[in-house]
Each structure stands twice: as C-alpha cells, then as structure tokens.
Amino acid sequence: MSTYAALIEYRELFANLFRRDVQAKYRGSALGVLWTVANPIVLMGVYLLVFGVVWKSPFSQGGHYPLFLLCGLALWTFFAAAFQSSTRSMLDNANLIRKTRFPRQLVPLSVVAAHVVSFAVMIGLLLVVDAIALPRARATELLAIPLAVLFVGFVSGLALAVASLDVLFRDVEFIVAALLVPWFFLTPIIYPLSAVPGASGEHPHVIAVIHWGNPLSPAVEALRAPLFEGTLPFWGDALYLAVACVVALALGAYVFGRVDDQIAIEV
C-alpha cells in the first residue's frame, strides 16, 4: 500500500505532474478535451458503416447499436491510450528522474490520471445520452460509476507494471503496441458475446476463453449492463472486475518495488 500511499503524501507533486500531462495532451488544440468525445464517435461511425451497412452483421441489427458501441469504445479508448502512453512515461521523464529524488510511481500514475479526465467526460456524456435515449437504463446507469472506478484502478496497476518493466526491457513498449490490435478484436466491444456464431453450440469454450481469459471482457460486460441494457451487472463480471483491480494494483506495486532502485540508473 505504501506504493499508492505516495499519491496522498506527495499530492502536490502529483497534482503538478497531472496538470503538466493534461496541458501537454491538449496544448495547441482548438477543441481540447472535446477530442475525447470525437475519437469514440468517429470509431463508432466507422464500425456502424462497416457492420451495419457494408456487412449487415446480425449483432448490428439490434436497437440502439451506436450506443452499444459507445459503451464499449469509452472503456477501450481510455484503456488503450492510458496503457500505451504510460509505458514510456519513465523514459520520457528521464531528466526529471535523474535529477530529483521523488516517488517515481507518480510518473505513470499521473499519465493515467490525465486520461481519466477524458474517460470521465465520456462516461458523463453516456449517462446523459442513455438517460434520454434509453429509458430502461435510467434506474441503473449510475451503477456504472463505481464500476468505472474499479476499471481505473485496474488500468493504473497495469500501467505501473509495464512502465517499470519498460525501464529495464525496452521491448515492452513494442509488445504493448503489437498486442493492442488483436486485444481489441478479442474484447466484446463491437459485438455482444451472446451473438457470436457458435456461442452456445459449436464453440462454447472459445467464447468462455474470450470472456474469462480476457480481463477487459468482464469489465466491458459489467459496465454495459447498467449503461445500455438497463440491468444489474452479472455478479461474476462485477466480481471479476473487482478482483482484477486488486490483482493489477498489487502486480504494479510488486513490479515497481523490484525495479525502483534501478530506475534512475537505467532511464
């Protein structure tokens, strides 16, 4: 816990790093944080065109498919951006790390926090749109907020782990970049797991692996239930997300603790 307790003890330094990362992210941008909304909406339009018009897939024929897409894309865009940008965060701040002694875990965590701003804007927009367009979700959509907090914790732990490893093994950043594309298609963002051909007949084990072997799948399913379906999240998905959050935070702290003494030398 001491790894994350530094966020409180050095909160002023963390706030300065956070402000710097947010300003660097949107410096010179006319739309600023609105680009957060633009990116998922553009992706939604592309996938809607491909799967709803060009290739009329069965899972795109259900009602409110654009909102179905946005619920998944909100999580994915935050995860992919925070995960990949935090990987090089220690190396990108090499001068600061060499010159000053401070809790180095603040560096990747501040990068994740900068992306949390975008994630919060997107979740807030979804809450408003769903309340208007999906009356069935009005009673449950606020449950998405604690689930989103757990997801932020999960991403923070993974980010700290890969940022620490990248200091010693520079191949980590390339591995992360290579994994993101197949990881996207193996996560039920553009399709519901229940609509995958063979889900209940020919290939049930493949669907089970995609669902439970991919830590992002239960997170997407858990948030989509109150945001889109208007139902309580399946207890297995919610429990999986909570456990994944704790495990990821523990993994990040463990990996960081093993390499902390070497960071200033290796960056």
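The coordinates are above.
Residues numbered from 1 in each chain as written. Predicted model: local features only at pLDDT ≥ 70, side-chain atom pairs only at ≥ 80, totals over all residues. Heavy atoms only, no water.

### Brief notes about the overall build of the protein
Part 1 of the reasoning: Along its length, the protein carries twelve helices and zero strands.
Part 2 of the reasoning: Counting from the amino terminus, helix and strand elements in the protein follow one another as α-α-α-α-α-α-α-α-α-α-α-α.
Part 3 of the reasoning: In the protein, which comprises 267 residues, the proportion classed as buried is 49%.
Part 4 of the reasoning: Of the accessible surface of the protein, which amounts to about 13000 Å², a share of 69% is contributed by carbon and sulfur atoms. (Helix = DSSP H or I, 4+ residues; strand = E, 2+ residues; numbered from the N terminus. Buried < 20%, exposed > 50% of the residue type's maximum accessible area, 1.4 Å probe, protein only. Areas by Shrake-Rupley, 256 points an atom, 1.4 Å probe, with all protein chains shown as cover.)

### Here we look at the packing of helix α4 (residues 65–87) against helix α8 (residues 144–168)
Part 1 of the reasoning: Contact pair α4 / α8: the axes reach a minimum separation of 8 Å and the direction vectors enclose 25°. Looking at the two axes, α4 sits roughly parallel to α8. Taken as a pair, α4 and α8 cross one another with a handedness that is right-handed. In this structure, α4 contributes Leu 75, Phe 78, Phe 79, Ala 82, Phe 83, Ser 86 and Thr 87 to the contact, and α8 contributes Phe 151, Val 152, Phe 154, Val 155, Leu 158, Ala 159, Val 162, Ala 163 and Asp 166.
Part 2 of the reasoning: Residues belonging to the contact of α4 with α8 are distributed by class as follows: 13 nonpolar, two polar and one charged. (Axes fitted to C-alpha atoms, helices over the stretch in contact; angles between N-to-C directions. Parallel < 35°, antiparallel > 145°, perpendicular 65-115°, else oblique. Left-handed = near helix turned anticlockwise from the far one by under 90°. Contact = heavy atoms within 4.5 Å. Nonpolar A, V, L, I, M, F, W, Y, C, P; charged D, E, K, R; others polar.)

### Some remarks on the pattern of salt bridges
A side chain of one charge can pair with a side chain of the opposite charge when the charged atoms of the two come close.
Part 1 of the reasoning: The tally for this structure, following the rule as stated, stands at four salt bridges.
Part 2 of the reasoning: The residue Arg 88 makes a salt bridge to Asp 92 at a minimum N-O spacing of 3.1 Å.
Part 3 of the reasoning: Taking the relative accessible area as the measure of exposure, Arg 88 reaches 33% and is therefore partly exposed.
Part 4 of the reasoning: With a relative accessible area of 52%, Asp 92 lands in the exposed category. (Salt bridge = Lys/Arg side-chain N within 4 Å of Asp/Glu carboxyl O.)

### Points about the nonpolar core
Part 1 of the reasoning: If you look at the biggest cluster of nonpolar residues, it comprises 58 residues, and the most contacted ones within it are Trp 76, Phe 79, Phe 151, Phe 154 and Ile 190.
Part 2 of the reasoning: Looking at this core, the elements with two or more residues in it are α3 (35–54), α4, α7 (106–133), α8, α9 (172–185), α10 (204–212), α11 (216–229) and α12 (235–266).
Part 3 of the reasoning: The leading source of residues in this core is α4, at 15 residues.
Part 4 of the reasoning: Counting 18 residues, the second largest nonpolar core, distinct from the first, contains Met 90, Ile 97, Phe 102 and Val 107. (Core = buried A, V, L, I, M, F, W, Y, C linked by side-chain atoms within 4.5 Å.)

### Quick notes on the packing of helix α2 (residues 11–26) against α7
Part 1 of the reasoning: At their nearest, the axes of α2 and α7 sit 8 Å apart, and the two run at 55° to each other. Judged by the angle between their axes, α2 and α7 are oblique. Here the hand of the crossing between α2 and α7 comes out right-handed. The segment α2 lies against α7, with Leu 13, Phe 14, Leu 17, Phe 18, Asp 21, Val 22, Lys 25 and Tyr 26 engaging Leu 106, Val 107, Leu 109, Ser 110, Val 111, Ala 113, Ala 114, His 115, Val 117 and Ser 118.

### Brief notes about the environment of Val 243
Part 1 of the reasoning: Mapped onto the secondary structure, Val 243 falls in helix α12.
Part 2 of the reasoning: When the C-alpha positions of Val 243 and Leu 150 are compared, they lie 9.3 Å apart, and in sequence the two are 93 residues distant.

### So, the environment of Gly 236
Part 1 of the reasoning: Turning to its location among the elements, Gly 236 is positioned in helix α12.
Part 2 of the reasoning: The sequence separation of Gly 236 and Trp 212 amounts to 24 residues, and the corresponding C-alpha distance is 9.7 Å.

### Here we look at α9
Part 1 of the reasoning: Over its 14 residues, α9 extends 21 Å from the first C-alpha to the last, a length consistent with the 20 Å expected when each residue adds 1.5 Å.
Part 2 of the reasoning: Considering bend angle alone, the principal kink of α9 is centred on Leu 179 and spans about 30°; proline Pro 182 follows within four residues of it.
Part 3 of the reasoning: For α9, every residue scored as buried is listed here: Val 172, Glu 173, Val 176, Leu 180, Trp 183 and Phe 184. (Expected span 1.5 Å × (residues − 1). Bend = angle between axes of the 7 residues up to and from the residue.)

### Some points on the side chain of Arg 224
Part 1 of the reasoning: Within the secondary structure, Arg 224 sits in helix α11.
Part 2 of the reasoning: Buried charged residue Arg 224 carries no salt bridge. Nearest counter-charge: Glu 221, at 4.0 Å.
Part 3 of the reasoning: In this structure the side chain of Arg 224 is engaged in a polar contact, spanning 2.8 Å, whose partner is the backbone oxygen of Pro 188.
Part 4 of the reasoning: Beyond its immediate sequence surroundings of up to four residues, Arg 224 is in contact with Phe 68, Cys 71, Gly 72, Pro 188, Ile 189, Tyr 191 and Glu 229. (Lys, Arg positive; Asp, Glu negative; His and termini not counted. Polar contact = N/O pair within 3.5 Å; in protein donor to acceptor, adjacent residues only side chain to side chain.)

### So, α12
Part 1 of the reasoning: Taking 1.5 Å per residue as the helical rise, α12 with its 32 residues ought to reach 46 Å, and the 43 Å between its terminal C-alpha atoms agrees with that figure.
Part 2 of the reasoning: Of all the bends in α12, the greatest measures close to 60° and is centred on Asp 260.

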